[in-house]
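Secondary and tertiary structure notes
The primary structure of each chain is shown beneath.
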Amino acid sequence: SVPWRGALTVTVTAVVNIISTLPHITYRVAGKFAEHDCSGGLDTKICRITAYMLLINTISNFYIYTLTIKSFRRFLLRKVLSVTSGSWLTSRDSRGHRR
């Protein structure tokens, strides 16, 4: 009786979260036991890659929710429509008067 889209959302979000955070956690834990320096070489590349993976996790949540949750898509559509129908889109002169 669990909605399949909700279960899919939770599962995909959890998997992406684990895949994207595990390298960063491993890097940080290994750094506690070994001397490392993020100023150059391979260590810098690993540091950047793990940081980028965390960004991918954050960004992917938006796409996962958009693809799997219909109410989230409706919410986004309402927000986009409210922004695009705003009066700030009307052309104004330098004193703020409508043209």
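Digging into the overall build of the protein
Along its length, the protein carries three helices and zero strands. Going through the 99 residues of the protein one by one, you find that 16% of them count as buried. Across the protein, contacts joining residues at least 24 apart in sequence account for 51% of those joining residues at least 6 apart. Carbon and sulfur atoms provide 67% of the accessible area of the protein, an area that totals close to 8000 Å².

Some points on helix α1 (residues 4-33)
Between its terminal C-alpha atoms α1 stretches 43 Å, which fits the 44 Å expected from 30 residues at 1.5 Å a residue. All of the buried residues along α1 are Thr 9, Thr 13, Ser 20, Thr 21, His 24, Tyr 27 and Gly 31.

Thoughts on a positive patch on the surface
Taken together, the side chains of Arg 5, Lys 70, Arg 74, Arg 78 and Lys 79 make up a positively charged region of the molecular surface. Examining the composition of the positive patch, we find that four residues originate from one element, helix α3 (residues 70-84), more than from any other.

Some remarks on the environment of Pro 23
Of note, Pro 23 is situated in helix α1. With 26 residues separating them in the primary sequence, Pro 23 and Ile 49 have C-alpha atoms 8.8 Å apart. Every residue in contact with Pro 23, bar those within four places of it in the chain, is listed here: Ile 18, Thr 50 and Met 53.

Considering the environment of Ser 60
Here Ser 60 is to be found in helix α2 (residues 41-68). When the C-alpha positions of Ser 60 and Val 16 are compared, they lie 7.8 Å apart, and in sequence the two are 44 residues distant.

Focus: a nonpolar patch on the surface
Residues Tyr 52, Leu 55, Ile 59, Phe 62, Tyr 63 and Leu 67 make up a contiguous nonpolar surface patch of about 690 Å² in total accessible area. Locating Tyr 63 in the fold gives a position in helix α2.

Observations concerning the packing of aromatic side chains
Summed over all chains, the structure comprises four aromatic pairs. Relative to Tyr 63, the ring of Phe 62 lies with its centre 5.2 Å away and its plane at 80°, an arrangement referred to as edge-to-face. On the accessibility criterion, Phe 62 (39% relative accessible area) is partly exposed. Taking 5.9 Å as the distance between ring centres and 80° as the angle between the ring planes, the aromatic pair formed by Tyr 65 and Phe 72 counts as edge-to-face.

Quick word on the side chain of His 24
Its location among the elements puts His 24 in helix α1. Apart from residues no more than four positions distant in its own chain, His 24 is found in contact with Thr 50, Ala 51 and Leu 54.

Some thoughts on the environment of Asp 43
Following the sequence through the fold, Asp 43 ends up in helix α2. With 16 residues separating them in the primary sequence, Asp 43 and Tyr 27 have C-alpha atoms 9.6 Å apart.

Conventions and cut-offs
Residues numbered from 1 in each chain as written. Predicted model: local features only at pLDDT ≥ 70, side-chain atom pairs only at ≥ 80, totals over all residues. Heavy atoms only, no water. Helix = DSSP H or I, 4+ residues; strand = E, 2+ residues; numbered from the N terminus. Buried < 20%, exposed > 50% of the residue type's maximum accessible area, 1.4 Å probe, protein only. Contact = heavy atoms within 4.5 Å. Areas by Shrake-Rupley, 256 points an atom, 1.4 Å probe, with all protein chains shown as cover. Expected span 1.5 Å × (residues − 1). Patch = residues over 30% accessible without salt bridge, like charges linked within 9 Å, V, L, I, M, F, W, Y side chains within 5 Å. Salt bridge = Lys/Arg side-chain N within 4 Å of Asp/Glu carboxyl O. Lys, Arg positive; Asp, Glu negative; His and termini not counted. Charge placed at Lys NZ, Arg CZ, Asp CG, Glu CD. Phe/Tyr/Trp six-rings, centres within 6.5 Å; stacked < 30°, edge-to-face > 60°.

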